[in-house]
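Residues per chain, in single letters:
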Number of protein chains: 2
Amino acid sequence: MSQGNDHPGQSDMTAGVATLADVAEHAQVSTATVSRCLNAPERVAKHTRERVLAAVQELGYSPNFGARALAARRTGTVGAIIPTMDNAIFARAIQAFQEELRAHGVTLLVACSAYRPEIEEEQIRALVARGADALLLIGHQRDDAIYQFLERRGVPALVAWVHDPDAGHPSIGFDNRKAMHELTREVIRLGHRRIGVITAEQRDNDRARARVGGICDAMLAAGLSPDDLALVETPYSVEHGRQAFARLMRRAPRPGVVICGNDVLAAGALQMAREMGLHVPGDVSITGFDDIEIATLVDPALTTVHVPHRAMGRQAAQLLIEMVRSGAPLAKSVELKTDLRLRGTLGPPPG
Amino acid sequence: MSQGNDHPGQSDMTAGVATLADVAEHAQVSTATVSRCLNAPERVAKHTRERVLAAVQELGYSPNFGARALAARRTGTVGAIIPTMDNAIFARAIQAFQEELRAHGVTLLVACSAYRPEIEEEQIRALVARGADALLLIGHQRDDAIYQFLERRGVPALVAWVHDPDAGHPSIGFDNRKAMHELTREVIRLGHRRIGVITAEQRDNDRARARVGGICDAMLAAGLSPDDLALVETPYSVEHGRQAFARLMRRAPRPGVVICGNDVLAAGALQMAREMGLHVPGDVSITGFDDIEIATLVDPALTTVHVPHRAMGRQAAQLLIEMVRSGAPLAKSVELKTDLRLRGTLGPPPG
DNA sequence: GTCTCGAATGTAAGCGCTTACAATTTTTCA
DNA sequence: TGAAAAATTGTAAGCGCTTACATTCGAGAC
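Residues numbered from 1 in each chain as written. Chains lettered and ligands numbered in written order. Predicted model: local features only at pLDDT ≥ 70, side-chain atom pairs only at ≥ 80, totals over all residues. Heavy atoms only, no water.

## Some remarks on the sheet that holds strand β7 (residues 230–233) of chain A
All names here are of chain A. Spatially, the four strands line up as an open sheet ordered β7-β6-β8-β9, and their pairing is parallel. Two strands in the sheet have a free side with no partner beyond their single neighbour: β7 and β9 (285–287). Averaged over all adjacent pairs, the angle separating strand axes in this sheet is 15°, with direction ignored. With three bridges joining them, strand β8 (residues 257–260) and β9 adopt parallel strand pairing. Bridge pairing in β9 links V258 to I286. The sheet contacts of helix α8 (residues 176–189) involve β6 (195–199), β8 and β9, and relative to β8 the element is tilted by about 170°. (Pairing = 2+ DSSP bridges. Helix = DSSP H or I, 4+ residues; strand = E, 2+ residues; numbered from the N terminus. Axes fitted to C-alpha atoms, helices over the stretch in contact; angles between N-to-C directions. Contact = heavy atoms within 4.5 Å.)

Written out as structure tokens, the structure reads:
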């Protein structure tokens, strides 16, 4: 305001911003008609509509969000709580998610949980309080009270990044366990027996657990014992990946391959390998998971599991919109395919 | 909560969700008192407050966002429109921005413009329509009508990623021109004369223009002619960086250094150099800008300009909160320092 | 020409909250 | 001890919009 209000002439602008009532008066119709023009144009006669829209233009009218939300009992907003925005793991999917929502006139609110359940709960409540019509969550695992809370408030939630038909909630994602199983099978096929693993903290992270589970599955399937895994658990970050890798390399016998829970950890591991003067994959192989952009930027490029980020984001949006529209029952879960990207960091074991 | 709802008696739950009035009734006070308990607890006597908060707990009450926004005439939301979420350039700053906002009870809404002015304008209007109390924008350059619109609606805006005291709007950022000048000076000092540049499209991007300007400044200062620059303009992406680099390498004389407008382009360039069998920095040097995570993940690590992403995000949040609180006049602009990170991709010219 | 019916529009009741103002109670202090 | 000041609470008027319902009008049907 301020400036603009100094020009008295122009048009009706009693106070600051034009309201529906101002538009109605300007166009010589009732507020109901203006509202209908905006929300259900086909229910208004053409010439009336044109007059109203002209008034909207002229007054620079734009509806008040709060009022609309209050009266309509929905906000046209969906929320997403992702663990972090700091690395690129979720960026691409969220971007696609948002693009698709936008195409349907829905706004996205993003919050981060920092991989901490209590912060996630807080954020869920915050987003619901802000009127999110639906929520996108990462992973199934959370306190049942949260699901009850959402149900009570009538806020449908979709779980992404996992596919588990047995979980009680609709999801869109892939089978982390199976994907990691496949990758590990390939690793073993190349002859690796001394296998190191860098995983995210498994406690509150079902994806991380599933991925480790997949590694174990593959070992068992190959007649190996999962007990022989050299496993390090660490937070997700390049720096932690570096340190975890260094720790693994100090073990005896030294692992010939390090399977990382995601590409960020793998990038850290790769960097540390270089620093330690280890040749990849000659001295040690490294694999990641996610196939984010850095996977092909590092040298050698990272062998990893490709995840269809954009497809997941886009379809998540469609499902969520459908859930909101249809009054929020459960959609069926959707499974997306992952596939191996065999690149330079994986080779046969040394020696 | 949740559990309790299965007991029908228990407490008032006429319809679905508890309202302020329900809480008031439950606690035997007026709605005003409940409202005060939530918004200005110190204005309510301790024992009353406790009774009210107990009722809030018991009913699982959470305020209706729309109603609150409507009545209070503000939403506790600020919006940020960034060019893209697809790469990491803005991620870290936005993350810090959000963390700081959250600490003050403010919610962040993020939208992307895809570097397109018309989409940016649309997103600005959308965020304002959704009740953003203030906006964070990237770069000064945009249609003056947009600034007028914001002023008219009383929505303060802060410009980030640039520092230009002469621009008409408060900003927090750094001097892109000066920073690139310094980097280029170092490049020239090493003996480079055949300089290639990969820049983002300059038309709608004042940061890109300023960075190119800085390169020219440095050349002039060294007695070189900016006309001799081999300059390629391209969208921001790894793939475009690759192609632009290949194009530059076909020029004669071939540049001995390629200065990239940001790290993403530089990462692409570096990748292509490897692919073309060119040794970096032996055959050609490459520099970036921003110092995002990939800068140290690639090999050799990228010489670049370090930008204080997190500090910028955090301080932007503080400024914006202050602008909202103080009724939205202009804060003074804040300049942050950048500094050179000389790493492996920059060396003396070949031969 | 009258009647019926549907399309177009208007009327007005909230949606759930904040807050100015009024009413009441408690403190403070001479 | 009593009046004024301060603290606490209540009353009620909106905030700007949507929407159920009522009203009006015109076009066929008879």
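What follows continues from the structure just given.
## Brief notes about the protein's contact with DNA strand D
Lining the immediate surroundings of DNA strand D are 24 residues, of which A:L20, A:S35, A:Y61, B:T33 and B:T48 lie closest. The sugar-phosphate backbone supplies 64% of the atoms of DNA strand D found within 4 Å of the protein. Interatomic distance of 3.4 Å between a backbone N/O atom of A:A67 and a base nitrogen of DNA strand D. The set of elements that each furnish at least two residues to the surface near DNA strand D consists of α2 (31–39) and α4 (65–72) of chain A together with α2 (31–39) and α4 (65–72) of chain B. Here the surface near DNA strand D is composed, by residue class, of 13 nonpolar, eight polar and three charged. (Near = heavy atom within 4 Å. Polar contact = N/O pair within 3.5 Å; in protein donor to acceptor, adjacent residues only side chain to side chain. Nonpolar A, V, L, I, M, F, W, Y, C, P; charged D, E, K, R; others polar.)

## Focus: the domain arrangement of chain A
Here chain A is described as being made up of domain 1 (2–63), domain 2 (76–174 + 309–337) and domain 3 (176–307). The C-alpha centroid of domain 3 of chain A is placed 60 Å from the C-alpha centroid of domain 1 of chain A. (Domains from an automatic or database assignment.)

## A few points about the relation of the copies chain A and chain B
In screw terms, the move from chain A to chain B is a rotation of 180° and a rise of 0.1 Å along the axis, fitting with an RMSD of 0.1 Å. The superposition of one copy onto the other is thereby described by a two-fold rotation axis. Ranked by how close their C-alpha atoms come to the rotation axis, the residues of chain A are headed by A:G66, at 2.0 Å. When you check the interface residues of chain A against chain B, 91% turn up at the interface there too, and the contact is symmetric in its surfaces. (Least-squares fit on C-alpha atoms with pLDDT ≥ 70 in both.)

## Section: the protein's contact with DNA strand C
Within the structure, DNA strand C sits among 24 residues, and A:T33, A:T48, B:L20, B:S35 and B:Y61 are positioned closest to it. Protein-proximal atoms of DNA strand C, defined as those within 4 Å of the protein, fall in sugar or phosphate at a share of 63%. Here A:T48 contributes a side-chain N or O atom positioned 2.3 Å from a phosphate oxygen of DNA strand C. Between DNA strand C and the protein, one listed contact pairs a phosphate oxygen with a side-chain N or O atom of B:Y61 at 2.3 Å. Counting residues per element, the ones that place at least two in the surface near DNA strand C are α2 and α4 of chain A together with α2 and α4 of chain B. Here the residues of the surface near DNA strand C sort into 13 nonpolar, eight polar and three charged.

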